[in-house]
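# Descriptive analysis of the structure
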Amino acid sequence: MKRFLALGCVACLTATAAPAIAADQDGLYARVTAGWSIAQDQDFSTVNGNIDTELDAGYALTAALGHDYGNLRGEIELSYRENEVDGHKLNGTAVSPSGGESSALALMANGYYDFDTQTQITPYVGAGIGFARVDVKDYSAAGNNDVADGDETVFAYQVIAGLEYPVSPRTSLT
């Protein structure tokens, strides 16, 4: 169960288009994003056999406070992601009806490198480490509500890449 929770947390990818408040004269900034959460399928074992769970695309919300040092940035990020169950397979056979949801609340420390392109578009790469509380709620299959239900706090990491485009002196799309 721990392995699947950690993989589920780590695999939550977010595609976002949201405002980032650009750095002020002191280099401090705030960032808020909203977008899609695409979670990796989850695999785990029960007394009845192996369960493969497919998750639908869900939503993700993120807020961060950081400091811009020129080409380098550091920030603390709080994020929440949620995905609904699309279906379960027991030992490779689809089980219907299926239900439940998976969510993750994470606190991360991120570092970024911004590439100076001499244009308005700034590509960036980054990485983060932290902790996530992963919650699997009401996983059910074929009328059985006891497939999985629980939560765990796990080590989390992320690899980040994107583009930034300023839309005003203090706001950017990323």
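Scroll up to find the structure this text is about.
A short tour of the structure in this document, coming up. (Residues numbered from 1 in each chain as written. Predicted model: local features only at pLDDT ≥ 70, side-chain atom pairs only at ≥ 80, totals over all residues. Heavy atoms only, no water.)

## Quick look at the packing of aromatic side chains
Within the structure shown, the criterion is met by four aromatic pairs. For the pair Tyr113 and Phe115, a centre-to-centre distance of 4.9 Å together with 80° between the ring planes defines the contact as edge-to-face. The side chain of Arg73 reaches across the aromatic face of Tyr112, ending 4.2 Å from its centre. Above the ring of Tyr124, the side-chain terminus of Arg73 is found at 5.2 Å from the ring centroid. (Phe/Tyr/Trp six-rings, centres within 6.5 Å; stacked < 30°, edge-to-face > 60°. Lys NZ or Arg CZ within 6 Å of the ring centre and 35° of its normal.)

## Some details on the nonpolar core
Grouped together as the largest cluster of nonpolar side chains are 10 residues: Ala39, Phe44, Ile51, Leu55, Val85, Val136, Tyr139, Ala141, Val147 and Ala148. Of all the elements in the fold, those that place two or more residues in this core are strand E5 (49-55), strand E10 (122-141) and strand E11 (144-168). In terms of residue count, E10 provides more of this core than any other element does, three residues in total. With seven residues, the next largest nonpolar core counts Ala104, Met108, Val134 and Ala156 among its residues. (Core = buried A, V, L, I, M, F, W, Y, C linked by side-chain atoms within 4.5 Å. Buried < 20%, exposed > 50% of the residue type's maximum accessible area, 1.4 Å probe, protein only. Helix = DSSP H or I, 4+ residues; strand = E, 2+ residues; numbered from the N terminus.)

## What to know about the environment of Ile38
Here Ile38 shows up in strand E3 (residues 28-38). For Ile38, a relative accessible area of 48% corresponds to the partly exposed category. Spatially, the C-alpha atom of Ile38 lies 9.2 Å from that of Ala60, the residues being 22 residues apart in sequence.

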